[in-house]
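Spelled out, the chains give:
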Amino acid sequence: MLLSTLMKSPDAMAVHTRIAPTPSGYLHTGNVFSFLYTKRLLQNTGDTLRLRIDDLDRARMRNGYLEDIFETLEWLGIKPDSGASNPHDFKTQYSQTLRVALYRSYIEQLKQKGHLYACNCSRKDILQKNKKGIYPGTCRLKNLSLLTPGTAIRLRIPEDTVPISFIDAHREKTISIHLLEDMGDFVIQRKEGLPAYHIASLADDVLYGTNTIVRGEDLLESTAAQLFLAGLLNLDVFLQTKFYHHPLVQHENGEKLSKSAGHLSLKHLRKTGMPAQQVTALFEKWLQTIA
């Protein structure tokens, strides 16, 4: 990617983007570099940045992680144009739990069109059949009721589905993902009954008018899945979205950073007295390495 692609002419279409952290762990440098990359795309007065916090994973959400998001953004000097301004504001006005009815309306449309089926496979079952965790379609022909307790609901991807292609603006190249081979029939509703990430993220981006999305390159399949969903749901506006998939920030041993690595969290770095300017300087160096 040329760094010039992060700049736009004054008459370019306004960028409406978002940062979408999850309150399932303390933010680390990988999260922050993605935030700063997203902020770098904003060059015009008409551009907007929204804070969207993905909190549907209620089992892993903690108030401390939620507070860390706001503390980190304040420390970095990142001020979103819309979205929650503090944890209380988020819980009462912006939590994804307040939009579950919207997500369910999309799931119902997919159900009515015959795209869904119930699955009672465990993660262990799937890994035993596919070491990469790609779902092998075990429950496709079981004809389980979608109301069966303890089952997830999956999207059936037709075997004749052509690869999903889209332009990755970071790499400046077309990416093609064969969903059935690279991902398998993915979950639309989790076993506990809550809508899954792909449907919720798609619905939120359409609702808030997002037209530019920054993600790590580990989410290329997610982008393809959401574009496929948008096509099924006739959400044409999402099909015009511009995507940037940046390389991941890694440990020195080459492993992906994890929120479980507490010593790498921004909360820890703040406590050690590291100034925000030092993190920004590290981001600038990283940006040069991925150009």
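Note that the structure is predicted; figures quoted are calculated from it, not measured.

What counts as what
Residues numbered from 1 in each chain as written. Predicted model: local features only at pLDDT ≥ 70, side-chain atom pairs only at ≥ 80, totals over all residues. Heavy atoms only, no water. pLDDT = per-residue confidence, 0-100. Contact = heavy atoms within 4.5 Å. Helix = DSSP H or I, 4+ residues; strand = E, 2+ residues; numbered from the N terminus. Expected span 1.5 Å × (residues − 1). Buried < 20%, exposed > 50% of the residue type's maximum accessible area, 1.4 Å probe, protein only. Pairing = 2+ DSSP bridges. Axes fitted to C-alpha atoms, helices over the stretch in contact; angles between N-to-C directions. Phe/Tyr/Trp six-rings, centres within 6.5 Å; stacked < 30°, edge-to-face > 60°. Lys NZ or Arg CZ within 6 Å of the ring centre and 35° of its normal. Parallel < 35°, antiparallel > 145°, perpendicular 65-115°, else oblique. Left-handed = near helix turned anticlockwise from the far one by under 90°. Nonpolar A, V, L, I, M, F, W, Y, C, P; charged D, E, K, R; others polar.

A.B. asks: For this particular structure, what's the right way to read the confidence of the model for the chain?
C.D. replies: The predicted structure's coordinates, where accompanied by low pLDDT, should not be read in detail. Averaged over all residues, the pLDDT of the chain equals 91, while 91% of them reach at least 70. Considering only residues more than four positions removed or in separate chains, one finds that residues 1–5, a stretch of pLDDT under 50, has 14 contacts.

A.B. asks: Can you walk me through helix α2 (residues 63–76) in this structure?
C.D. replies: Helical geometry note: an α-helix holds 3.6 residues per turn, so side chains three or four residues apart project in the same direction. Helix length check: α2, at 14 residues, gives a terminal C-alpha distance of 20 Å against a target of 20 Å (1.5 Å per residue), a fit within 8%. Listed in full, the buried residues belonging to α2 are Leu66, Asp68, Ile69, Phe70, Thr72, Leu73 and Leu76. Contacts from the buried residues of α2 go to β1 (16–19), α1 (29–40), β2 (48–51), α3 (87–94), α9 (266–271) and α10 (276–290). Remark: glycine 77 follows α2 within two positions and exhibits a positive phi of approximately 80°.

A.B. asks: What is the right way to look at the sheet that holds strand β7 (residues 187–189) in this model?
C.D. replies: Where strands meet in a sheet, backbone hydrogen bonds hold them as pairs that are either parallel or antiparallel. Spatial strand order, β3-β4-β7: three strands in an open sheet with antiparallel pairing. In this open sheet, the two edge strands, each paired with only one partner strand, are β3 (116–119) and β7. This sheet shows a mean twist of 45° between the axes of neighbouring strands, independent of strand direction. Helix α4 (residues 100–112) contacts β3, β4 (152–155) and β7 of the sheet and is inclined by roughly 120° relative to β7.

A.B. asks: Teacher, can you tell me more about the packing of aromatic side chains here?
C.D. replies: The description of an aromatic ring pair rests on the distance of the ring centres and on the angle between the ring planes. Tallying each qualifying case throughout the model produces seven aromatic pairs. Between phenylalanine 33 and tryptophan 286 the ring centres are 5.3 Å apart and the planes differ by 40°, which places this aromatic pair in the tilted class. Pair noted here: phenylalanine 33 is in helix α1 and tryptophan 286 is in helix α10, with a separation of 253 residues, a long-range link. Given the relative accessible area of 10%, tryptophan 286 is considered buried. Seen in terms of ring centroids, tyrosine 37 and tyrosine 244 are 6.1 Å apart; in terms of plane orientation they differ by 65°. Their pairing is edge-to-face. Of this pair, tyrosine 37 sits in helix α1 while tyrosine 244 sits in strand β9 (residues 242–246), placing them 207 residues apart in sequence. Judged on exposure class, the residue tyrosine 37 and its partner tyrosine 244 are both buried. Taken together through their ring pairs, the aromatic side chains of Phe33, Phe283 and Trp286 make up a single cluster. One cation-aromatic arrangement involves arginine 50 over tyrosine 208; the distance from NZ or CZ to the ring centre is 3.5 Å. The cationic tip of arginine 154 hangs over the ring face of tyrosine 135; the distance from NZ or CZ to the ring centre is 3.7 Å.

A.B. asks: Honestly, the packing of α4 against helix α7 (residues 197–207) in this entry has me stumped. Any pointers?
C.D. replies: Remark: α4 packs on α7, axes separated minimally by 9 Å, with the N-to-C direction vectors making an angle of 115°. Regarding the angle of α4 to α7, the classification is roughly perpendicular. Considering the relative orientation of α4 and α7, their crossing is right-handed. For the pair α4 and α7, contact is made by Leu102, Tyr103, Tyr106, Ile107 and Leu110 and by Ile199, Ala200, Ala203, Asp204, Val206 and Leu207, respectively. Broken down by class, the residue content of the contact of α4 with α7 amounts to ten nonpolar, no polar and one charged.

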